[in-house]
Amino acid sequence: MKKYPIHVAFPFRNVVCGVLAIGAIQAPRLLAQGEEPEVFELSPFTVDAGSEDGYRATQTLSGTRLKSDLKDVGSSLTIFTEEIMNDLAANSIEDLLNYAPNTDVFVNELTDTQGFGNDFLNQDVKYVTRGGATTIVGQNFFQTGIPNDRFNTERLTFTRGPNAVLFGLGNPSGAFVSSTKQAGDKTTTSIVTQIDDRGSFRINFDHNQVLVEDRLAIRYSGLHDASNHYLPDAEGLSKRHFVTLRFKPFEKTVLRANYEQGTIDKPAVRPWPIFDGYGPWIKEGRPTRATPTTPRVAGMVNDGARDIISTAFSPGGTQIPTQSLLNQARSETPSLATGFFPSGNKLSSIDEDIFPIFHTTFAGLAARLHDYNTKSFFIEQQITDRMFVELAYNTVENDYRSFNGMRGGDAMLHFDVNEQLPDGSPNPNVGLPYVQARPTLIDGDNEREDMRAMVSYDLDFTQRDGWAQHLGRHQMAVFFEDGNEQSWSSNNVHRNITPTFPNVPQSRITHGWNQLSYRFYFEPETGKLSTAAGRQILEAPVIYAGDPIPEAHPSGITPGFVAQQGPSVRDVEVKTEALAVQSFFLNRRLVVTNGFREDTQTSWAGVPGDFTDLRDADLNNVNPRTLNPRELFAGEPDKQIKRGGSTASQGVVFHATPFMSLSYNTSNNLSITANTYDLYGNLLPNTQGDGEDFSVKFDILDRKMYLDFTYYTNSTVDKLDDIRETPAGSFLQVRDIWNTLFNETGDVKFQSPPYATIGSVWRDRASTTAKGWEFSMTAKPVKGWNVQLNGSKRGNSTTTERGVVTRQYMNEYLPIIKANSTWMNYVSEDGQGRLVSEIVAELEETLRNFDRIKDLPADVFAPNWTANLITSYRFNKESRFKGFSIGGSMNMRGKTINGFGVDSNGDVLPDKPFYAPGYEIFGTWFGYDRKILNDKVKWKFQVNVINLFDNYTVHPLRSIDTQDGNNTPSVALYTLREPRTVRITNTFSF
């Protein structure tokens, strides 16, 4: 079996000690020259309050972790200033994503062949950039896992590409970093209210109180946000509180403390229409079935699910007794021709005469829920005129639940074609459309604790006499971080927890016959479409092993979530040592940045298969909160995985003229793979990212316009690739073979690697490269006029080495299985009664198809070019329009690959891509501000119109080949975008 290399760290401590020694030696030597030291009163760990001018920011911490002028940073980053966020009426990262260069909100991925959209359920934010997707969002350079919101945010910085100095362990595509509000030196209050035409209401109260002038201040920011998504029924509610304190007990000492607490109920919206589960039935004239024994006719199929069906939350139709509807008929789902189809054999329902497009039915039945608190403390100490120290501590406690009331694949609109119920009584809902949901609930907690120590030193030779002055000036930062994260989760299924079956195994609450599902009937003509009542499913208890079962409901059906799938637990320690140096030469015309970092991660992790012995008599699994992986796996070295590596950043900026600069930057990072294995049972290698930027920058028109042109290369090596279910077919079927051989032969080897593993989650790896151009312009041509324009041209990304291990595995083991005629004739344990030989044939076909698609680019759903514009004008005080402001925005995107042609055998043709057309979306706003109440209160009124022309709200997502011999595409799936929305903001400041 192949073994993967583990990175070996370089002797970092020697470098760090050397740098600190230089600082300690040089400081007294420099002062001994009799020179007057330059006094640095402002902290190098925070940007200056006046570093923003309109849309332009001039300073950042995201280059070296120290305050740097933006013009001296070679890495690619975008800063959203307070004025940009005000003009866009932006409340979070999601409101800003589409305005960042080369960035788009995540919509889908090639491997989601079934339309599950689980990333929308499991990630608070995900976006695509530079050939990949990332979810990394940090706060004050700590990762929190709490959704970002502007109520406690001062600025947002988006870095593109890997940046070892910021996050050595991270995603090579980039990261968002927010800076929280700080207590200031002036007593102020602001109240911001916001409403929109969907009925949303948001209020943010922010008060800063100076308690002791120049010494002590405290600030509180509170949020109540009742938001309504543009998809009906998707309602969110956030109640959050943030308190920050700033204390300066001594002239050179600053203490800061933050505390945040809140609850967040955020819709997990999959932005596409409901699926078509009725097409052939409509085509056949909408036939019905007279009795449960009447033969089914064309256009209808058998409902083979044994689920217990409840209509308790149905918006339309008539409630029927909760019962199994096994072998009832339903309308037939359209069947696409065999072959490669990235739509997963699903079609969007876009016929308004059948069902309203924007009523997706699952929008109100999926949510991410946080009940959290965070604490952070910072001590900043000036040691000498040139040396500063920061000590920081951060904790997060997050009780998290992810409610999947209707799984993405369940959102299939069928019609009830039965004239009778199973007992022969009349069916009051015959002819009505419905969806049927199998709810799940991820119950999980997360706790983080991070500590950071940073020392900065400014080593300046430029004031020395003689040759030494040519050694330049060097701003150095050494920092150490120590973090620990503990997480527990259990993906729980919905069951009747008081089974009516008398015998084992059906009497167990975990048995599939006790699956409790919900049917929602609709009456489109009367507007009875809401599934919002289904949120009551969340009120059902979660039952773990040994928990008491509630008293049975009088009906005999008692809803509950049970831990059938088993728990996952992780305990992770990360230790970091890093050095960043920014050096200035030639009177600051040449700026060189170097960063070096070592990260070591030690993890203890358990997957469901590790805890089967802890199940109770119902085969229900244990509560993950009772598990301590360090203690459980203390005697198992294989369960303690220690991995790490070294990363580095190098950059150079040359200010060739007063108005033009050239820069180069290269960096890498890595993502630790701690508990993900390949088919052989080997731990997969760490994912590594590499980035390279070449830029030319202009600062022209008397510093009124800043231009940046960048050519980038972004590479990811050994990226984790989930190829169990692919557009080419399912490799996951091989587990059915090994399970069958175990059951037939009793040989336990078939239940361990390299054969089937209970509860295993195996993946493979791939390497990708993306290249392209980015540009940005920020300008203030005249007083009051701000402009930000940016865009990108993406080159064709490449993918190599996808599925190397999986292909090797299949080529090794399929011939072994085929050579054993006894094995080939076994009836499999796949639930469909197929022979092992049939599964082998499907795996061979999947392997052939996979060889055709293994080099498909990873960023299939990313536009080939982007352009964004934000601009505003504020009339001056002498104008007759004093107090008024106007502005506009634009998002333009080029065409996007969204499918591929197939040949006569149904095999994919990578050189025959299909495209979704480009689009452009415009927004506008106008505002008015003035002082009221005897000039004591500043009032600002602003109206924003999003998607002004209400365009491109239904846009192609995936296309398929019609197989007419000409590779003609047909749109299979659509995505839904926000329609025209009016947002009104009132701000009162005093």
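Above this text is the structure in question.
Residues numbered from 1 in each chain as written. Predicted model: local features only at pLDDT ≥ 70, side-chain atom pairs only at ≥ 80, totals over all residues. Heavy atoms only, no water.

Asks: Which residues make up the overall build of the protein, and what values do they have?
Replies: Looking only at helices and strands, the protein features nine helices and 51 strands. In terms of C-alpha radius of gyration, the protein reaches 30 Å, essentially the compact-globule figure of 30 Å for 990 residues. Oriented by its inertia axes, the alpha-carbon framework of the protein measures out at about 100 × 70 × 65 Å. Surface accessibility of the protein: about 41100 Å² in total, with carbon and sulfur atoms responsible for 53%. Side chains of the protein carry 97 positive and 117 negative charges; the gap between the two charge centres is 5 Å. (Helix = DSSP H or I, 4+ residues; strand = E, 2+ residues; numbered from the N terminus. Rg over C-alpha atoms; globule rule 2.2 N^0.38 Å. Areas by Shrake-Rupley, 256 points an atom, 1.4 Å probe, with all protein chains shown as cover. Lys, Arg positive; Asp, Glu negative; His and termini not counted. Charge placed at Lys NZ, Arg CZ, Asp CG, Glu CD.)

Asks: Requested: an account of the sheet that holds strand β26 (residues 433-437), with residues and values cited.
Replies: Taken together, the six strands give an open sheet; going across it, the order is β18-β25-β26-β29-β20-β21, and neighbouring strands pair in mixed fashion. The open sheet is flanked by β18 (275-276) and β21 (323-324), the only strands paired with a single partner. Examined bridge by bridge, strand β20 (residues 308-310) and β21 share two bridges and lie antiparallel to one another. Each residue of the ladder has a partner; that of I308, found in β21, is S324. (Pairing = 2+ DSSP bridges.)

Asks: Quick rundown of helix α7 (residues 804-818)? Include the residues and the values.
Replies: Because an α-helix completes one turn every 3.6 residues, residues spaced three or four positions apart along the sequence face the same direction. End to end, α7 covers 22 Å across 15 residues, agreeing with the expected 21 Å (1.5 Å per residue, within 8%). Turning to α7, its buried residues are V805, T806, R807, Y809, M810, Y813, L814 and I817. On its buried face, α7 sits against α6 (734-745), β40 (764-779), α8 (821-824) and α9 (836-853). (Expected span 1.5 Å × (residues − 1). Buried < 20%, exposed > 50% of the residue type's maximum accessible area, 1.4 Å probe, protein only. Contact = heavy atoms within 4.5 Å.)

Asks: Outline the packing of aromatic side chains, supporting the account with residue identities and numerical values.
Replies: Tallying each qualifying case throughout the model produces 34 aromatic pairs. Centre to centre, the rings of Y680 and Y809 are 5.2 Å apart; their planes meet at 75°, and the pair counts as edge-to-face. Here the residue Y680 occupies a position in the loop between β35 (660-671) and β36 (687-700), and Y809 occupies one in helix α7, the gap between them amounting to 129 residues. Y809 matches Y680 in its accessibility class, with the two residues each being buried. Here the aromatic rings of W738 and Y813 are separated by 5.9 Å at their centres, their planes lie at 85°, and the arrangement is edge-to-face. Residue W738 is found in helix α6, and its partner Y813 is found in helix α7; the two are separated by 75 residues along the sequence. You can call W738 buried: its relative accessible area is 1%. A relative accessible area of 10% means that Y813 is categorised as buried. Members of the aromatic cluster, connected to one another through ring pairs, are Y680, W738, F750, Y755, Y809, Y813 and W823. The positively charged end of R256 is found above the aromatic ring belonging to F378, 4.4 Å away from the centroid. Just above the ring of Y919 sits the side chain of R977; from NZ or CZ to the centre is 3.9 Å. (Phe/Tyr/Trp six-rings, centres within 6.5 Å; stacked < 30°, edge-to-face > 60°. Lys NZ or Arg CZ within 6 Å of the ring centre and 35° of its normal.)

Asks: Which residues make up the sheet that holds strand β12 (residues 174-180), and what are the values?
Replies: Reading across the sheet, the five strands line up as β5-β11-β12-β9-β10 and stay open at both edges, with mixed pairing between neighbours. Edge strands, defined here as strands with exactly one partner in the open sheet, are β5 (77-80) and β10 (142-143). Note that strand β9 (residues 137-139) and β12 share three bridges and pair parallel. Looking across to β12, one finds that V137 is bridged to F176.

Asks: Summarise the environment of P524; cite the residues concerned and give the values.
Replies: Among the structural elements, P524 can be located in the loop between β29 (516-521) and β30 (542-543). Taking the C-alpha atoms as reference points, P524 and P356, 168 residues apart in sequence, are found 7.6 Å from one another.

Asks: An account of the packing of α6 against α9 is requested, with residue identities and associated values reported.
Replies: Each pair of packed helices can be described by the angle between their axes along with the distance between the axes. Interhelical geometry of α6 versus α9 gives an angle of 155° and a closest axis separation of 9 Å. As far as their axial angle goes, α9 and α6 are roughly antiparallel. The handedness of the crossing between α6 and α9 comes out as left-handed. Across from V734, D736, I737 and T740 in α6, the residues of α9 making contact are V836, I839, V840 and L843. Of the residues contributing to the contact of α6 with α9, the split by class is six nonpolar, one polar and one charged. (Axes fitted to C-alpha atoms, helices over the stretch in contact; angles between N-to-C directions. Parallel < 35°, antiparallel > 145°, perpendicular 65-115°, else oblique. Left-handed = near helix turned anticlockwise from the far one by under 90°. Nonpolar A, V, L, I, M, F, W, Y, C, P; charged D, E, K, R; others polar.)

Asks: Tell me about the nonpolar core, residues and numbers included.
Replies: Core analysis: the biggest nonpolar cluster contains 44 residues, and F355, F403, M406, L413, V435, F520 and F522 have the highest contact counts within it. Residue assignment for this core shows that the elements contributing at least two residues are β23 (366-382), β25 (412-415), β26, β29, β49 (954-961) and β50 (969-976). Counting 33 residues, the second largest nonpolar core, distinct from the first, contains W738, L741, F750 and M824. (Core = buried A, V, L, I, M, F, W, Y, C linked by side-chain atoms within 4.5 Å.)

Asks: Please set out α9 residue by residue, giving values where relevant.
Replies: Here α9 contains 18 residues, and its C-alpha end-to-end distance of 26 Å stays within 8% of the 26 Å for a straight helix at 1.5 Å per residue. Listed in full, the buried residues belonging to α9 are V836, I839, V840, L843, T846, L847, N849, F850 and I853. Residues of α9 that are buried sit in contact with β38 (725-726), β39 (729-730), α6, α7, α8 and β46 (908-916).

Asks: Lay out the side chain of N258 with the relevant residues and their values.
Replies: Structurally, N258 can be placed in strand β17 (residues 253-267). A polar atom in the side chain of N258 sits 2.6 Å from the side chain of T244. The residues contacting N258, other than those within four sequence positions of it, are N140, T180, F242, V243, T244, T374, K375, S376 and F378. (Polar contact = N/O pair within 3.5 Å; in protein donor to acceptor, adjacent residues only side chain to side chain.)

Asks: Describe in detail the packing of α6 against α7, supporting the description with residues and values.
Replies: Close contact between α6 and α7 brings their axes to 12 Å; oriented N to C, the two are set at 40°. In terms of axis orientation, α6 runs oblique to α7. In this structure, α6 crosses over α7, and the sense of that crossing is left-handed. On α7, the residues that touch V734, I737 and W738 of α6 are Y809, M810, Y813 and I817. Of the residues belonging to the contact of α6 with α7, the class tally is seven nonpolar, no polar and no charged.

Asks: Can you lay out the pattern of salt bridges for me, pointing to particular residues and giving the numbers?
Replies: Pairing is possible between side chains of opposite charge, provided their charged atoms come close. Counted according to the given criterion, the structure contains 51 salt bridges. In this structure, D718 and R765 form a salt bridge, with 3.0 Å as the shortest nitrogen-oxygen distance. Of this pair, D718 sits in strand β37 (residues 705-721) while R765 sits in strand β40, and the two are 47 residues apart along the sequence. Here the two residues D718 and R765 agree in accessibility, since each one is buried. Taken together, the shared-partner salt bridges connect R65, E481, R597 and D599 into one network. (Salt bridge = Lys/Arg side-chain N within 4 Å of Asp/Glu carboxyl O.)

Asks: Before we move on, could you go through the pairing of β5 and cite the residues and values that matter?
Replies: Neither face of β5 is open: one carries L77 and I79, the other T78 and F80, and all of them are buried. Where β5 meets strand β11 (residues 153-160), four bridges bridge the pair, whose relative direction is antiparallel. In the strand pairing of β11, I79 is matched with T157.

Asks: How would you sum up a positive patch on the surface? Please name residues and give values.
Replies: A cluster of basic residues, K186, K783, K877, K882, R930, K931 and K938, forms a positive patch at the surface. Within the secondary structure layout, K931 lies in strand β47 (residues 919-932). (Patch = residues over 30% accessible without salt bridge, like charges linked within 9 Å, V, L, I, M, F, W, Y side chains within 5 Å.)

Asks: Outline unusual backbone geometry, supporting the account with residue identities and numerical values.
Replies: The linkage connecting V504 with the following residue, P505, adopts the cis geometry, with an omega of 10°. Of note, P505 is situated in the loop between β28 (473-496) and β29. Put simply, P753 and P754 share a cis peptide bond, and its omega is 5°. Residue position: P754 is located in the loop between α6 and β40. In the Ramachandran plot, N102 falls in the positive-phi region, its phi being about 60° despite a non-glycine side chain. Structurally, N102 is set in the loop between α2 (82-87) and β6 (103-105).

Asks: Requested: an account of a nonpolar patch on the surface, with residues and values cited.
Replies: A cluster of nonpolar side chains, namely L211, V212 and I218, defines an oily patch on the protein surface of about 230 Å² accessible area. Tracing the backbone shows V212 in strand β14 (residues 201-212). With relative accessibility at 41%, the residue V212 sits in the partly exposed group.

Read these as spatial facts, not as claims about activity.
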